[in-house]
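One letter stands for each residue in the lines below.
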Amino acid sequence: MLWHRIAAATALWIALLCPAARANANSLVDALGPRELALGESMRADATGSLATTLNPAGLPLSRSLVLETGYGYRPDDGASLVAVSACDSTVPVPGCFYYHYFRASPDVGGVDVRRRSHEVGYVIARRVGSFVFGAKYKYFDYNFSPASAGDDDASGHAADFGMTFVAGDSVRVGVVSYNLVSTADSPQYPRAFGGGLVVRPAPSLSIAVDAAWNTDLPDGQDTGRYSGGVEYFIVAANRQAGYPLRAGVVYDDTGDRTYATGGLGYVTPKVGIDIGVRKQVGGDGDELLVVGSLRLFAPQQ
């Protein structure tokens, strides 16, 4: 009937335009791995390994490793699947990472099947100069939305992120980063944004991080901040050949007045790392749950 079609179309438009809708493929918050997710998305000042591909390219030289990482995430409320693969080498004079991210979601909105899909492939390069680290990330993205009649647009193009990290000794690091600062295509899924973070280590096994990010592509007058913090405590096994990181954090998104609790744990040895992270919405309109896991394989150090 015509009335049912009108109602379904109206519901679809509301879901697409409302900030609380979780049918998006937001590259700023949906591509995160389990470690940064569990710490409240707050590792822009210490984005080592694959974190350099999501949070800050200037974090790559902060650790010395050759690591292959693969991860998978699932969000039940919109059936979203997230896949990430990266290969990072920070043992060379100019560290670099190759990576690939895939996102797919098929939510049912007002009886209409909405489908979103994105591919992203890129390369991170960084260089440390004294106490400063400078990094850049190039990416190619391809985003597809259907049905086309709902009003969202497909998008594909090239973009670049730039970051800097300041290392103040062994216990304090400060990072700043710009996302999609240069881009050949306008897409709300790959917005121009800026972020920063601080990491403090009061003890070798304890890390405390706080971060913030602002989406500058949102309409004038709309709140844009996403503020977060997290704590990691690293438990060393009795044989000192393995460790168990415990992570917890919180995220507040001013855009939709939403609050999230995050947490996770891991198992790390000189050869392998297994991590799980969870983000659960606890305040505001919505009930999002995202679970992400990853496997890291470390090459022997020469």
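The notes below deal with the structure included here.

Thresholds, definitions, all that
Residues numbered from 1 in each chain as written. Predicted model: local features only at pLDDT ≥ 70, side-chain atom pairs only at ≥ 80, totals over all residues. Heavy atoms only, no water. Helix = DSSP H or I, 4+ residues; strand = E, 2+ residues; numbered from the N terminus. Buried < 20%, exposed > 50% of the residue type's maximum accessible area, 1.4 Å probe, protein only. Contact = heavy atoms within 4.5 Å. Phe/Tyr/Trp six-rings, centres within 6.5 Å; stacked < 30°, edge-to-face > 60°. Pairing = 2+ DSSP bridges. Disulfide = S-S within 2.5 Å. Core = buried A, V, L, I, M, F, W, Y, C linked by side-chain atoms within 4.5 Å.

Describing unusual backbone geometry
Item 1. Unlike most non-glycine residues, E41 shows phi in positive territory, near 60°.
Item 2. Within the secondary structure, E41 sits in the loop between α2 (34-38) and β1 (66-75).
Item 3. Assessed through its relative accessible area of 3%, E41 is described here as buried.
Item 4. The phi dihedral of N180 is positive, around 50°, even though this residue is not glycine.
Item 5. Relative to the assigned elements, N180 resides in strand β9 (residues 172-183).

Looking at the environment of L37
Item 1. By the element assignment, L37 lies in helix α2.
Item 2. The class of L37 is buried, set by a relative accessible area of 0%.
Item 3. Ignoring sequence-local partners within four residues, the contact set of L37 consists of L32, T262, G277, V278, R279, L290 and V292.

Some remarks on the packing of aromatic side chains
Item 1. Evaluation of the coordinates by the stated rule reveals six aromatic pairs.
Item 2. A ring pair is formed by F132 and F134, whose centres lie 6.4 Å apart and whose planes are at 20°; its orientation type is stacked.
Item 3. Its relative accessible area of 42% is what places F134 among the partly exposed residues.
Item 4. Consider the rings of W214 and Y227, whose centres lie 6.1 Å apart with planes at 75°: the pair is edge-to-face. Of this pair, W214 sits in strand β11 (residues 206-215) while Y227 sits in strand β12 (residues 225-236), and the two are 13 residues apart along the sequence.

Comments concerning the pairing of strand β15 (residues 272-283)
Every other side chain in a regular strand lies on the same face of the sheet, so the side chains alternate between the two faces.
Item 1. Across ten bridges, the pairing between strand β14 (residues 258-268) and β15 is antiparallel. Looking at the pairing, Y267 lines up with I274 of β15.
Item 2. Hairpin connection between β14 and β15: a loop of three residues separates the two successive antiparallel strands.
Item 3. Between β15 and strand β16 (residues 289-298), which follow one another and run antiparallel, lie five residues, and G284 among them has a positive phi close to 95°.

Details of the pairing of strand β3 (residues 96-105)
Item 1. Extensive coverage of β3 is indicated by the burial of seven of its ten residues.
Item 2. In the sheet, strand β2 (residues 80-89) pairs with β3 via nine bridges, with the strands oriented antiparallel. Across the sheet, V85 pairs through a bridge with Y100, a residue of β3.
Item 3. Count of turn residues in the β2/β3 antiparallel hairpin: six residues.
Item 4. Of the strand pairs in this sheet, β3 and strand β6 (residues 115-129) are connected by ten bridges, and their pairing is antiparallel. Bridge pairing in β6 links F98 to Y123.

What to know about the state of the cysteines
Here a disulfide denotes a covalent bond joining the sulfur atom of one cysteine to the sulfur atom of another.
Item 1. For the structure shown, the criterion picks out one disulfide.
Item 2. Here C88 pairs with C97 through a disulfide, and the sulfurs are 1.9 Å apart. As the torsion about the S-S bond is roughly 120°, the C88-C97 disulfide counts as right-handed. Take C88 and C97: they sit in the same class, and that class is buried.

Considerations on the nonpolar core
Item 1. Of all hydrophobic cores here, the largest spans 16 residues; its most connected members are L37, M43, L51, L55, F103 and L290.
Item 2. Breaking this core down by element, the ones donating at least two residues are β2, β3 and β16.
Item 3. Judged by nonpolar contacts, the second largest core, of seven residues, contains A52, L60, V67 and C97.

Scope: geometric values only; no functional claims are made or implied.
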